[in-house]
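What the coordinates show
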Amino acid sequence: MTTCSCGNALAPGVRFCTSCGQPVAAAAPTAHIADAVVAQADTASAVAQATAPAPVAAAAGSAAPGGATAVVPPPASSPPAAPSYPVPPAGPAGPAGPDAGHARLAETPGAPTEPAAWGAAPEASTTSSPYPEPVPAAPHRYDAQALSSAAERARTGVAASVQRIPLPQEQVVRALRDGALLALGSWIVCAVLLLLVDLFDEPNPRPLMWARGGVLVLALALRAPMGVTGTVQDQEQLGRILDSFNIDAVGNAGVSVTAMSFTLTLAVAAATVAVARRANRFSSSNTRRDRAIRAVLVGLAFGVVAAVLALVLRGEVTGTATLSIGADAGWMLICGAVLVAVAAFVGLGVEARAGVGLPSTWQRDVRAARDFVVAGLGASALVLLGYTIHEMSQRRNEPWAPAVTQAATTEGAGPGALALAVVLFVLFVPTLVVVAAGVLMGASVTGSAVATWSGAENEQPLLDVDRRMGIVEGTVPGSMIFAALAVALLVVAFVAVRSGVRAPAGARARWWQPALVAAGGWALLAWLASMRLDADATVSEADGAGGLNSVIQMLAGGESGGSVTADAGAGLGLAVLGAALAAALWTAVAAWIGPMVVGAVARSAPKVVAVVGGRHMDDSWRVLLADAMLRRGQQPPRHLAPVAAGLREGRIAPPQHPLV
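Residues numbered from 1 in each chain as written. Predicted model: local features only at pLDDT ≥ 70, side-chain atom pairs only at ≥ 80, totals over all residues. Heavy atoms only, no water.

Describing the layout of surface pockets
Any empty space left between atoms is shown by rolling a water-sized probe over those atoms. For clarity, the threshold we go by: Residues are said to line a cavity or pocket when one of their atoms sits within 4 Å of a point; the points come from a 1 Å grid over protein atoms alone, cavities being sets where a 1.4 Å probe fits but cannot get out and pockets being open sets with protein on both sides within 12 Å along at least five of seven lines. Grid points are joined across faces, edges and corners, and a volume is the space filled by probe spheres set on the points. To qualify as a helix, a DSSP run of H or I must reach at least 4 residues; to qualify as a strand, a run of E must reach at least 2; elements of each kind are numbered from the N terminus. Three classes are used: nonpolar for Ala, Val, Leu, Ile, Met, Phe, Trp, Tyr, Cys and Pro, charged for Asp, Glu, Lys and Arg, and polar for all others, with Gly counted as polar.
Roughly 1800 Å³ of volume is contained in the second largest pocket. Forming the boundary of the second largest pocket are 44 residues, of which V342, A343, V346, R370 and L524 lie nearest the centre. Elements represented by at least two residues in the lining of the second largest pocket include exactly α8 (262-282), α10 (329-351), α11 (360-395), α13 (415-441) and α15 (512-529). When residues in the lining of the second largest pocket are grouped by element, the largest group, 11 residues, is from α10. A breakdown of the residues in the lining of the second largest pocket according to their chemical character gives 34 nonpolar, 6 polar and 4 charged.

What to know about the confidence of the model for the protein
The criterion, for reference: Every residue gets a pLDDT, meaning the predictor's confidence in that residue, from 0 to 100. Here, residues are in contact when the closest pair of their heavy atoms is within 4.5 Å.
Averaged over every residue, the pLDDT of the protein is 75; the share at 70 or more is 67%. Here helix α2 (residues 54-63) stands out as the least confident element of the protein, with mean pLDDT 41; helix α9 (residues 288-312) is the most confident, with 93. Counting contacts from residues 76-85, a segment whose pLDDT is below 50, to residues more than four positions away or on other chains yields 6 contacts. Counting contacts from residues 90-121, a segment whose pLDDT is below 50, to residues more than four positions away or on other chains yields 24 contacts.

Things to note about the nonpolar core
Test applied: Among buried residues, the Ala, Val, Leu, Ile, Met, Phe, Trp, Tyr and Cys ones that are joined through side-chain atoms within 4.5 Å form a nonpolar core. Three labels apply to residues, based on accessible area from a 1.4 Å probe with only protein chains included: buried if under 20% of the type maximum, exposed if over 50%, partly exposed otherwise in between.
Within the largest apolar cluster, 39 residues are counted, with the highest numbers of intra-cluster contacts made by W187, V215, F302 and M332. Counting only elements with at least two residues in this core, the list comes to α5 (169-201), α6 (207-222), α8, α9 and α10. The element that contributes the greatest number of residues to this core is α9, accounting for 9 residues. Other than its neighbours up to four places away in sequence, W187 contacts A211, G214, V215, L218, L309 and L313.

What to know about the packing of α6 against α8
Worth spelling out the cut-off: Helix axes are fitted only over the stretch in contact, all axes being lines through C-alpha atoms; the angle between N-to-C directions runs from 0 to 180 degrees. Angle categories: roughly parallel below 35 degrees, roughly antiparallel above 145, roughly perpendicular from 65 to 115, and oblique for all the rest.
Relative orientation of the contacting elements α6 and α8 amounts to 85°, with a least axis distance of 7 Å. Taken together, the axis directions place α6 and α8 in an arrangement best described as roughly perpendicular. Contact with α6, carried on its side by V217, L220 and A221, involves L264, T265 and V268 of α8 and no other residues of that element. In the contact of α6 with α8, the residues fall into 5 nonpolar, 1 polar and no charged.

Topic: the packing of aromatic side chains
The criterion, for reference: Working definition: rings of Phe, Tyr and Trp (its six-membered ring) pair if their centres are within 6.5 Å, and the pair is stacked with planes under 30 degrees apart, edge-to-face with planes over 60 apart, and tilted otherwise. Placement of a positive charge over a ring is assigned whenever Lys NZ or Arg CZ falls within 6 Å of the ring centre and within 35 degrees of the normal to the ring plane.
A full pass over the atoms with the stated rule returns 1 aromatic pair. Centre to centre, the rings of W362 and W512 are 6.3 Å apart; their planes meet at 85°, and the pair counts as edge-to-face. Here W512 lies in helix α15 and W362 lies in helix α11, a separation of 150 residues in the sequence. Between the NZ or CZ atom of R223 and the centre of the ring of W527, over which it lies, the distance is 4.5 Å. Stacked on the ring of W362, the Lys or Arg R510 has its end atom at 5.7 Å from the ring centre.

Concerning helix α20 (residues 641-649)
Here is the rule we go by: Working definition: the arc comes from the directions between the helix axis and the C-beta atoms, pointing outward to the latter.
Those residues of α20 that sit buried are V643, A644, G646 and L647. Projected onto a plane normal to the axis of α20, the buried residues spread over an arc of 160° and lie on a single side. For α20, the exposed residues set more than 90 degrees away from the buried face come down to P642, R648 and E649. Residues of α20 that are buried make contact with α19 (619-632). Just past α20, the residue G650 takes up positive phi, approximately 85°.

What about a nonpolar patch on the surface?
We apply this condition: Patches here are clusters of residues that have more than 30% relative accessible area and form no salt bridge, with a 9 Å joining cutoff for like charges and a 5 Å cutoff for nonpolar side chains (Val, Leu, Ile, Met, Phe, Trp, Tyr). Accessible surface is estimated by sampling points in the Shrake-Rupley manner with a 1.4 Å probe; for residues, cover comes only from the protein chains shown. The salt bridge definition used is simple: a Lys or Arg side-chain nitrogen within 4 Å of an Asp or Glu carboxyl oxygen.
There is a patch of nonpolar side chains on the surface, built from V304, V308, L311, V312, W331, L333, I334, V338, V342, V346 and V350 and spanning about 980 Å² of accessible area. Elements with a contribution of two residues or more to the nonpolar patch: α9 and α10. Top contributing element to the nonpolar patch by residue count: α10, with 7 residues. Positionally, L311 belongs in helix α9.

In structure tokens:
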């Protein structure tokens, strides 16, 4: 090991002293190499100083005398040299001189201590890379603790939302549960109806068909549209009648049916009332606001579950034709929520023994309108039953009757078809009763059908039919008109007696208020009893040049590849406006003549008035009727027994102006 003149020990192969920076005398074979390196560095520094900007030249001048910047070129015998990089200048404390940059290079950490042989394998770098090492992705794992915390947050949010409802938490939870269970129970009952029909027709059970069909039957109870929509793109699927045209066309079609089965509707409403009464016994609500909130919660839960069932159980058939069969989820939500909410409110009010908060006079008006609706429906049912019995007795000896009976029970129709016919008859008998009651009142039955087609710029009507049948239309025989008038007068007399005994004796009759309520009720019934069929179709030209393509091109304005759209709609039911006007007229007459009729009938037949009047009689009429029956020696009905006992015992004063 050699030493420098300053006394610093030098490692073998070092060309500069690490302490004073003085060059170290090298061996003879490498001396000429060092001289060549220094000379080449001086030349490169001069060129860089001549081309560099002034600040750079000034900085270079401060690094070494003469502005030279040291560079280390490759040896002369090396392959094509890599670019030369200037060595950073020494700090202000470093020694001056032409070799100062070389001293800084020697002091740089990681600098090579010996010149590497050209052509040797490069050594691995000891400096850290600026790029991070790629980390392999960890396998996805479910964090049980994170899932538990998320579920807890969700429960907390739901509980906070429930607490914001101005009701006790147990009432809110029970209302939501009752609504959901009512929807599921109604759907199961409807599915069971289809199960019974299917078992008569097919030996193989089809549970999925029962489940999907149950949603469609439930839609009948809620008056939600149901139908089929599809796309057909095949010559055979478009219809065999189009085969002769040699075409390949695309067709989109949709059919929607809207109807209501009052049998199912009444069943759902009755179940809702029963559930609401039981819920109110469990936890009663003392105010109308609380009962309304609970009823709305029950209805919303029912509607949401019904809509989810309609979405999940929508049938899909794919292939050359794509068909979708099901009920409208939006209408299921709306109709279900309204129907069940109203029924639940009634049930909660009945159990709480509280009315809807109307004044006593308006309560009498509502009861009078209800009496007219109930009496009209009852009379209609009796008329239909009598007419059916009469027709069956008159036509049983017809020559075609045994043949029809035999065909219907043996080969003409299977047991499944007969079971389906019976189910449909039971489901829609109340609808038929409503229509017949409207006709007896004088309303008209309307049937309409409209169909249009449209091309690119053309729109033409294909069908426009509007037919009406009723007493005022002149399409009913005279004998039937007199029978209908007799039935209507009986209904009016019944309503007059009941409305008369509900008002105080001698009070002035209220006629327009019950007429208004009856008009609204019958308008709603007429709209619910109507049926609607809507259809739309689009046929587009595709490959082929047949006759139908020519027709499509003509209707589409002469454009190749055009399309034709057809829309059709048909409706059948009572005229809503006519039913409302007829109900208002008859109810107003009954309410106006009520005090006069009840006074005349009560003097001659007080027991009849007491039975027809019912439980909601005014106290003055209770005393008058009980006194009249006691004077005649008749036994008062049960709801007048306490009044009769009070008159006998003297606890109730007899009327000043008795009927008898």
